[in-house]
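Fold and contact review
One letter stands for each residue in the lines below.
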Amino acid sequence: MSTRIALNIRQQQVLSATIRHYIATAEPVGSESLVKEYAIRASSATVRNAMGFLEKAGLLYQPHVSAGRVPSDSGYRTYVDQLLQPLPLTTSIDRLLSDQLHGRSWSVEALFKGASQILATLSGYITLITLPLTRTMELKHVQLVQVDMQRIMMIVVMDNYETESVMVPLTSEVMDLDAELLSHELQVLSNFLNEQLRGRSLAQLQQLDWRELGQEFELYGSLVGSMLQELDRRFAQSILPTQLMVSGVADVLNQPEFSELQQLQTILHLLEAGQSQLVPLIFEVPAKPHQRVTIRIGTENTLEPIRSCTLISSNYNRGPVPLGSVSILGPTRMDYESTIALVEATADYLSKRLR
């Protein structure tokens, strides 16, 4: 992050106009063009002096000696932190997502794939959406089934309709029960477990103690404990989302920054083979509770292939719990106002749908 630089009103106007010009044209700009195009009420000499100050401060630079100025990463950072006014797009984007995704056969993958494609089309950049963390999804249904004379299987359905099964051996006390009685008791125990577990996340299973079950189920205490421990063990590595929905690669080819094949190839390789590096960058709990969006500009990105890009991310949640993230990856010459609004609105929509 750059050190905050105090700018007067004229310098703010010139920086904002230079960035807006460069976003629109991808061309350097001089003082005369800024005065004409952005109705700055000052002479070209005054604007030129302001541009000189901004260049010395590291917010603008000249790509060539005879060229005008373009924004630096620090210039974009100052613009985002001090001058930006995000567009109020939440309602319109929510309505668009609802209209286009309504009526599809509901599944988490279909929902997130559709949202990713819509967001890529609207932004013109690469969209990255992580699927929800399995450990944060809630249990929807539990069923116990006897597989044979020695084993029981626990079938668990999460609220994203992901299914997991766990097999455990019967204890000697349970094996001695009559088959019909065992079948009946497993159904009663299934009902009891649904009452106890429905609406809990996998991460909460570690907090449950089944050693003090009522007399009716005391034979099954160790069985239930073993099942839940095994279920938790299977998801113990699910600290970060493991699947990433990527859309918009074709759209970003229209941006001049991605015209060089080698640069594009390094980004594509990261998206295909480096997701384990990318996911921790786009999904994190914000340092400040009120922080809605994380913006990494250019060299603020720690991964070399995207150090010439901007990455804008926002988490979607269930209540206060972050489940995953919505991100847009594009050139630093990005339409920050609308892109930030798109990311926020899409994250809000997914939070609402997952409730």
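Structure: see above.
Figured I'd write up the structure that's included with this text. (Residues numbered from 1 in each chain as written. Predicted model: local features only at pLDDT ≥ 70, side-chain atom pairs only at ≥ 80, totals over all residues. Heavy atoms only, no water.)

1. Here's the deal with the packing of helix α1 (residues 9-25) against helix α3 (residues 44-56)
Closest axis-to-axis distance for the α1/α3 pair is 9 Å, and the angle between their directions is 80 degrees. Here α3 runs roughly perpendicular to α1, going by the angle between their axes. Here R10, Q11, V14, L15 and T18 of α1 lie close against α3, whose contacting residues are T46, V47, A50, M51, F53 and L54. Split by residue class, the contact of α1 with α3 holds seven nonpolar, three polar and one charged. (Axes fitted to C-alpha atoms, helices over the stretch in contact; angles between N-to-C directions. Helix = DSSP H or I, 4+ residues; strand = E, 2+ residues; numbered from the N terminus. Parallel < 35°, antiparallel > 145°, perpendicular 65-115°, else oblique. Contact = heavy atoms within 4.5 Å. Nonpolar A, V, L, I, M, F, W, Y, C, P; charged D, E, K, R; others polar.)

2. Side note on the pattern of salt bridges
Tallying each qualifying case throughout the model produces eight salt bridges. Notably, a salt bridge pairs R292 with D348, separated by 2.8 Å at the nearest N-O pair. Of this pair, R292 sits in the loop between α12 (275-282) and β8 (294-297) while D348 sits in helix α13 (residues 336-354), placing them 56 residues apart in sequence. Classification of R292 as partly exposed rests on a relative accessible area of 39%. Across the pair R307 and E304 runs a salt bridge, and its minimum N-O distance is 3.8 Å. Judged by its relative accessible area of 30%, R307 is partly exposed. Classification of E304 by relative accessible area gives exposed; the value is 61%. (Salt bridge = Lys/Arg side-chain N within 4 Å of Asp/Glu carboxyl O. Buried < 20%, exposed > 50% of the residue type's maximum accessible area, 1.4 Å probe, protein only.)

3. Concerning the sheet that holds strand β5 (residues 151-158)
Judged by pairing direction, the sheet is antiparallel, and its three strands sit side by side in the order β4-β5-β6 without closing on themselves. Taken across any chain shown, the strands that pair with only one partner, and hence form the sheet edges, are β4 (139-146) and β6 (163-169). Put simply, the sheet's adjacent strands are angled 20 degrees from each other on average, direction ignored. Summarising the sheet, β4 and β5 pair through seven bridges and their orientation is antiparallel. Each residue of the ladder has a partner; that of V145, found in β5, is M153. Here helix α8 (residues 179-197) sits on the sheet and contacts β4 and β5; the angle it forms with β4, its principal contact strand, is near 165 degrees. (Pairing = 2+ DSSP bridges.)

4. Things to note about the environment of R296
Mapping R296 onto the fold places it in strand β8. Along the chain, R296 and L329 lie 33 residues apart, while their C-alpha atoms are 9.7 Å from each other. Not counting residues up to four positions away in its chain, the partners in contact with R296 are R77, L281, E284, N301, C309, T310 and L311. In terms of polar contacts, R296 uses its side chain to reach the backbone carbonyl oxygen of L281, at 2.8 Å. (Polar contact = N/O pair within 3.5 Å; in protein donor to acceptor, adjacent residues only side chain to side chain.)

5. Examining the packing of helix α5 (residues 90-101) against α13
Running from amino to carboxyl end, α5 crosses α13 at an angle of 55 degrees, the nearest separation of the two axes being 9 Å. Put simply, α5 runs oblique to α13. For the crossing formed where α5 meets α13, the hand is right-handed. Residue-level contacts link T90, I93, D94, L97, S98 and L101 of α5 to L342, A345, T346, D348, Y349, K352 and R353 of α13. (Left-handed = near helix turned anticlockwise from the far one by under 90°.)

6. Quick word on the packing of aromatic side chains
The final tally for this structure, using the stated rule, is two aromatic pairs. Look at Y76 and Y336: their rings are 5.7 Å apart centre to centre, the planes differ by 40 degrees, and that puts the pair in the tilted class. You can see Y76 sitting in helix α4 (residues 73-83) and its partner Y336 sitting in helix α13, a full 260 residues away along the chain. With a centroid separation of 5.2 Å and 65 degrees between ring planes, the pair formed by F112 and Y316 is classed as edge-to-face. In this pair, F112 is assigned in helix α6 (residues 108-123) and Y316 in strand β9 (residues 309-318), connecting sequence segments 204 residues apart. We note that F112, like Y316, is buried. (Phe/Tyr/Trp six-rings, centres within 6.5 Å; stacked < 30°, edge-to-face > 60°.)

7. A few points about the pairing of strand β3 (residues 126-130)
Most of β3 is tucked away: five of the five residues are buried. Neither face of β3 is left uncovered, since the one carrying I126, L128 and T130 and the one carrying T127 and I129 both have all their residues buried. The sheet contact formed by β3 and strand β10 (residues 321-331) spans four bridges and is antiparallel. Its bridge partner lying in β10, T127 is registered against I328. Bridge analysis of β3 against strand β7 (residues 244-247) gives four bridges, and the strand direction is antiparallel. Counted as the bridge partner of L128 is V246 from β7.

As far as function goes, none of this settles anything; it's purely spatial.
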